[in-house]
Amino acid sequence: ACMLCRQAEVDPDIYGRKLEKQGLCVHVFCLFFANELFQQWDKNVGLMGFLPVDIQRTIQRAAQKRCFVCGESGAAITCRETGCDRSFHLPCAVEGGCITQFFGLYRSFCWEHRPEQAVEAAPAENTTCLICLDPVGDRKSYSTMVCPACKHAWFHRGCIQKQAIHVGFSCFCCPHCQNEYRFLMEMLTMGIRLPRRLPSWENSHADVALSERHSRCDASECLCPGGREQAEEEGPWHLLLCCSCAAEGTHRRCSCLTNSTASWECDSCA
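1. Describing the environment of Lys140
Assignment of secondary structure puts Lys140 in the loop between strand S6 (108-109) and strand S7 (144-146). Relative accessible area serves as the criterion here: at 26%, Lys140 is assigned to the partly exposed category. Sequence-distant contacts of Lys140, that is, excluding residues within four places in its chain, are made with Gln117, Ala118, Val119, Ala121, Val146 and Trp154. Only 2.4 Å separates the side chain of Lys140 from the backbone oxygen of Val119, close enough to count as a polar contact.

2. So, helix H5 (residues 181-189)
Of all the residues in H5, the buried ones are Phe183, Leu184, Glu186, Met187 and Leu188. Of the surrounding elements, those touching the buried residues of H5 are S7, strand S8 (154-156) and helix H4 (157-171). The first or second residue beyond H5 is Gly191, which carries a positive phi of 95°.

3. A word on helix H3 (residues 52-62)
Regarding H3, the residues found buried are Pro52, Asp54, Ile55, Thr58, Ile59 and Ala62. An end-on view of H3 places all buried positions within 160° of arc, on one side of the element. On its buried side, H3 packs onto strand S2 (24-27) and helix H2 (28-33).

4. Points about the confidence of the model for the protein
Taken residue by residue, the protein gives an average pLDDT of 88. The fraction at 70 or more is 95%. Within the model, pLDDT remains below 50 along residues 204-211, and this stretch shows 23 contacts once partners closer than five positions in the same chain are excluded.

5. Some remarks on the nonpolar core
Core analysis: the largest hydrophobic core is formed by 34 residues, its most contacted members being Leu4, Val26, Leu31 and Ile55. Of all elements in the fold, only helix H1 (12-15), S2, H2 and H3 reach the threshold of two or more residues within this core. The dominant element in this core, judged by the number of residues it contributes, is H2, at six residues. If you look at the next biggest cluster of nonpolar residues, it comprises 26 residues, including Val136, Cys159, Phe183 and Met190.

The rules behind these values
- Residue positions are given per chain, counting from 1 as you read along its sequence in written order.
- With the structure being a predicted model, the display of local features is reserved for residues of pLDDT at least 70 and the display and counting of side-chain atom pairs for 80 or more, all residues being used for whole-chain, interface and lining totals.
- Hydrogen atoms and water are omitted, and side-chain values are computed over all heavy atoms in the structure.
- For the purposes of this entry, the term helix denotes a DSSP run of H or I that reaches at least four residues, the term strand denotes a run of E that reaches at least two, and both are numbered from the N terminus.
- To sort residues, take the accessible area from a 1.4 Å probe on protein chains only and compare it with the maximum for the residue type: under 20% means buried, over 50% means exposed, and anything in between is partly exposed.
- Between two residues, a contact is recorded if the distance between any of their heavy atoms is within 4.5 Å.
- The definition of a polar contact used here is a pair of N or O atoms within 3.5 Å, where within protein one atom must be able to donate a hydrogen and the other to accept one, and adjacent residues in sequence count solely through side-chain atom pairs.
- By arc we mean the arc of the directions from the helix axis to the C-beta atoms, nothing more.
- Note: pLDDT gives the predictor's confidence per residue, expressed from 0 to 100.
- Put simply, buried Ala, Val, Leu, Ile, Met, Phe, Trp, Tyr and Cys residues joined by side-chain atoms within 4.5 Å make one nonpolar core.

Shown next, in the form of structure tokens:
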């Protein structure tokens, strides 16, 4: 069983494949979402760049926390909202109404602090899911979602998740209006896992984690002696990713930030 979520049989399309090395056994995305666990810039060290000693520390810390969903210990993921201490196992996220964002900083939110769809829309009476054709709820909710572009496509969270796994990143769009970018970004924000691979009907085995963490300094002038891809866990050469898009990064010193600065926004998003 995975030493972070304590489950052996879970969907690898959602939780990632199981990694076993140096006495450790963990799911890929249990690593990415775990609290205070950082991937090294060299992805060939440890388990996909996560050092075994860091993983062990994370397992030990998680043993002290109980999942607010199932009540068992070993909850390695905590809500990203400041001041919230709700922790949970990755496989318990859906049951607990939590959102885990499979991109950028791999942020997680409990049911109280999760992002909500901002679009103003409500399903008409007897509206059905465009995918399974079963009725949807009478309003937007965790399990009932709508396309932010056309506002007419309604579907269940579980159904659009299965669709995303089936079609992959390159073909994912609204099943009604075919909108791509706005629909894709909304679904990612709402916690839909979208594998960066070809559609299943293309019979491709290429499947990599979506949007691996950005890992270089994009300041106009990088001052780090080790170069743009050098990064440390703290201090002036700690790499901050844009808190809005996570697509650009900077060393603290390269953007004149103090060593205590915890968030930064790139020029494009500011």
